[in-house]
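Spelled out, the chains give:
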There are 2 protein chains.
Amino acid sequence: MQRGRQLRPGVTLVRAGEPMAALFVVRSGSAKRYSVTLGGGEQVHGFVLPGELVGLEGFASGRYTCEVSALEPLGYCRVPIRKLEQLLERLPGLRREILRLLGQALDESQRLRGELALSDARGRVAHFLADLSHRLARRGLSPTEFHLSMSRADIARHLGLTLETVSRALGTFKREGWLRVRARDISVLRPDALAALGSGIA
Amino acid sequence: MQRGRQLRPGVTLVRAGEPMAALFVVRSGSAKRYSVTLGGGEQVHGFVLPGELVGLEGFASGRYTCEVSALEPLGYCRVPIRKLEQLLERLPGLRREILRLLGQALDESQRLRGELALSDARGRVAHFLADLSHRLARRGLSPTEFHLSMSRADIARHLGLTLETVSRALGTFKREGWLRVRARDISVLRPDALAALGSGIA
DNA sequence: TGCAAAACTTGATCCATGTCAAGTACTGAT
DNA sequence: ATCAGTACTTGACATGGATCAAGTTTTGCA
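Residues numbered from 1 in each chain as written. Chains lettered and ligands numbered in written order. Predicted model: local features only at pLDDT ≥ 70, side-chain atom pairs only at ≥ 80, totals over all residues. Heavy atoms only, no water.

## Details of the relation of the copies chain B and chain A
Defined as follows: For this overlay, a least-squares fit was computed on C-alpha atoms, restricted to residues scoring pLDDT of at least 70 in both copies. Residues are treated as being in contact if the distance between any of their heavy atoms lies within 4.5 Å.
Note on the copies: chain B fits chain A at an RMSD of 0.0 Å, the axial shift is 0.0 Å, and the rotation between them is 180°. Classification of the inter-copy transformation places it as that of a two-fold axis. Of the residues that chain B buries at the interface, 100% are likewise interface residues in chain A, meaning the two copies contact each other through the same surface.

Put into structure tokens, the structure is as follows:
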């Protein structure tokens, strides 16, 4: 388990197609997971926050399948796969833990897919904010006052919307008094309303 | 590794919320993975074909998180988790294999999510058919002549569309000479066209 | 074999969101 | 502090797919 040198915004941590030599744990900052489509567009799979893992999909083929690049200065640890396999040999607890983490990632991905299939634009944006809030809270950060490290365009590409629609959704939440928005700084005034709309109680 | 008694269509193999006591491998038939939303609707996560695994998301919390029920008479094997853990203790190859399978499921789920976010209705239906075709071929079945075991409504709920839209998409593929459709029997005449449309070369 | 129910197709209309276009507000460099 | 470039907001309009509503085909049961 090595501490990696901090990455500056825009710098890539892993590239699609590279052999999977390690897993990464983000310690500070945030990152964007995405892949590049045939047309040259970006398909944003999600955002990585402190405490979260990068690289799990690599187990599929031994190569990473998406790019992960820093949105804010990114501190991380590197866990070489060789080392991990040695530890898995000896530690049943770690075996269960890694299965749990993979299961969790899978479950989350499926849940998100369902979200996309069922909700409308406002619902998706609400869900995005509620989810972010929840994950920040889990790390002891404020669930109601936070800074978006990603652009509206990134959010849009993540949710299958256009950046205009994301902007308008935020606009309506602001007007309804659910949020305060100033550029990328968000204050959540009605977490309940967002969570409800985000989980399909539209 | 036990062989399970064949299930009749409509019968449920695993239920959301049940403790995860085993993984299942489908041997014959097909099944639908779904969860029930707050409004009572079905959110279809996907379909399970022979050779594929059921229950992996259970590693997240030790409980299954979605329902899996048979669409056609379903033959399967049951792999108790206790037994699996014992084997993982001794077999490094199996450890890698289970990680590979989880990674694959994760990668697939993410790729599908991207599909949903980027394509329009025809693209999604084309992708669905191309994917099904591919998975059938992998099991040695015909990639061009097959029977859909799921209803249009199931396909729609899987793709985030309405059943009318799915029906219309199939209609246009038929008119353009890409498919022959007779109820649930499909003949693919232009696999190339479907695959292209399905992978965003719209 | 025939009948009823379910599944599917097709058509007409409406609306949410995409698209195009301007204008405004940040941000970072000099 | 100013300026240029980028990010974001807002508006007007177009459109793909949802919705509503018949019809038609298929399926399973008597």
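There's plenty left to go through after this.
## Let's talk about the interface of chain B and chain A
Operational definition: We define buried area as the total accessible area lost by two parts upon association, computed with a 1.4 Å probe and summed across both. Throughout this description, the term salt bridge denotes a Lys or Arg side-chain nitrogen within 4 Å of a carboxyl oxygen of Asp or Glu. Only runs of H or I of at least four residues qualify as helices and only runs of E of at least two qualify as strands under DSSP, and these elements are numbered from the N terminus.
Every contact between the two is made by 40 residues of chain B and, on the other side, 40 residues of chain A. Taken together, both faces of the contact between chain B and chain A bury some 3,600 Å²; the carbon and sulfur share is 60%. The largest per-residue losses of area from chain B upon contact with chain A belong to Leu99(B), Leu106(B) and Arg113(B), which jointly make up 20% of the total buried on that side. Summed over the shared surface of chain B and chain A, the number is four salt bridges. Of the charged contacts in the structure, one is a salt bridge between Glu85(A) and Arg96(B), with a shortest N-O distance of 3.1 Å. Looking at the side of chain B that touches chain A, the elements with two or more residues in it are strand E5 (42–48), helix H1 (81–90) and helix H2 (92–118) of chain B.

## Focus: the environment of Arg8(B)
Along the chain, the position of Arg8(B) falls in the loop between strand E1 (2–3) and strand E2 (12–14). Taking C-alpha positions, Arg8(B) is 19 Å from Gly55(B), a pair spaced 47 residues apart along the chain.

## Examining the protein's contact with DNA strand D
Counted only if it meets this: Residues are classed as near a molecule or strand on a simple rule: at least one heavy atom within 4 Å of it. Throughout this description, a polar contact denotes any pair of N or O atoms lying within 3.5 Å of each other; where both atoms belong to protein, one of them has to be capable of donating a hydrogen while the other can accept it, and for residues adjacent in sequence the pair is counted only when both atoms sit in side chains.
Inspection of the region around DNA strand D gives 16 residues, with Ser167(A), Arg168(A), Asp120(B), Ala121(B) and Thr165(B) positioned closest. Among atoms of DNA strand D positioned within 4 Å of the protein, sugar and phosphate together represent 62%. Take Ser167(A): an N or O atom from its side chain is 2.6 Å from a phosphate oxygen of DNA strand D. One of the side-chain nitrogen or oxygen atoms of Arg184(A) is found 2.9 Å away from a phosphate oxygen of DNA strand D. Of all the secondary structure elements, the ones that give two or more residues to the surface near DNA strand D are helix H5 (163–175) of chain A together with helix H5 (163–175) of chain B.

## Considering helix H3 (residues 121–138) of chain B
Residues and elements named next belong to chain B. We count it as follows: Any helix carries an expected span of 1.5 Å times its number of residues minus one. Only protein chains enter the area calculation, which uses a 1.4 Å probe; residues under 20% of their type maximum are buried, those over 50% are exposed, and those in between are partly exposed.
Between the first and last C-alpha of H3 there are 26 Å, a value that for 18 residues agrees with the 26 Å anticipated at 1.5 Å per step. For H3, the complete set of buried residues consists of Gly123, Arg124, Val125, Ala126, His127, Phe128, Leu129, Leu132, Ser133, Arg135 and Leu136. A positive backbone phi angle near 85° is found at Gly140, which sits one or two residues after H3.

## Focus: the environment of Ala105(B)
Within the secondary structure, Ala105(B) sits in helix H2. It is 8.3 Å that separates the C-alpha atoms of Ala105(B) and Leu56(B), two residues lying 49 residues apart in sequence. When sequence neighbours within four positions are dropped, the list of residues in contact with Ala105(B) reads Leu106(A) and Leu56(B).

## Some details on helix H6 (residues 191–198) of chain A
All names here are of chain A. Cut-off, in case you're wondering: By construction, the arc corresponds to the directions joining the helix axis to the C-beta atoms.
What H6 keeps buried is the set Ala193, Leu194, Leu197 and Gly198. In an axial view of H6, the angular spread of the buried residues amounts to 125°, which keeps them on one side of the axis. Where H6 is buried, its residues touch helix H2 (92–118), helix H3 (121–138), H5, strand E10 (179–182) and strand E11 (185–188). Within two residues after H6, Gly200 carries a phi angle of roughly 85°, on the positive side.

## So, the domain arrangement of chain A
Residues and elements named next belong to chain A. Defined as follows: Domain delimitation in this document rests on an assignment produced automatically or drawn from a domain database.
The domains assigned to chain A are domain 1 (2–112) and domain 2 (119–198). With centres defined by C-alpha atoms, the gap from domain 1 to domain 2 works out at 24 Å. At the interface, 15 residues of domain 1 touch 13 residues of domain 2. Of the roughly 1,200 Å² buried where domain 1 meets domain 2, counting both sides, 59% is carbon and sulfur surface. It is Val44, Phe47 and Leu49 in domain 1 that bury the most area against domain 2; as a group they hold 41% of the surface buried on that side.

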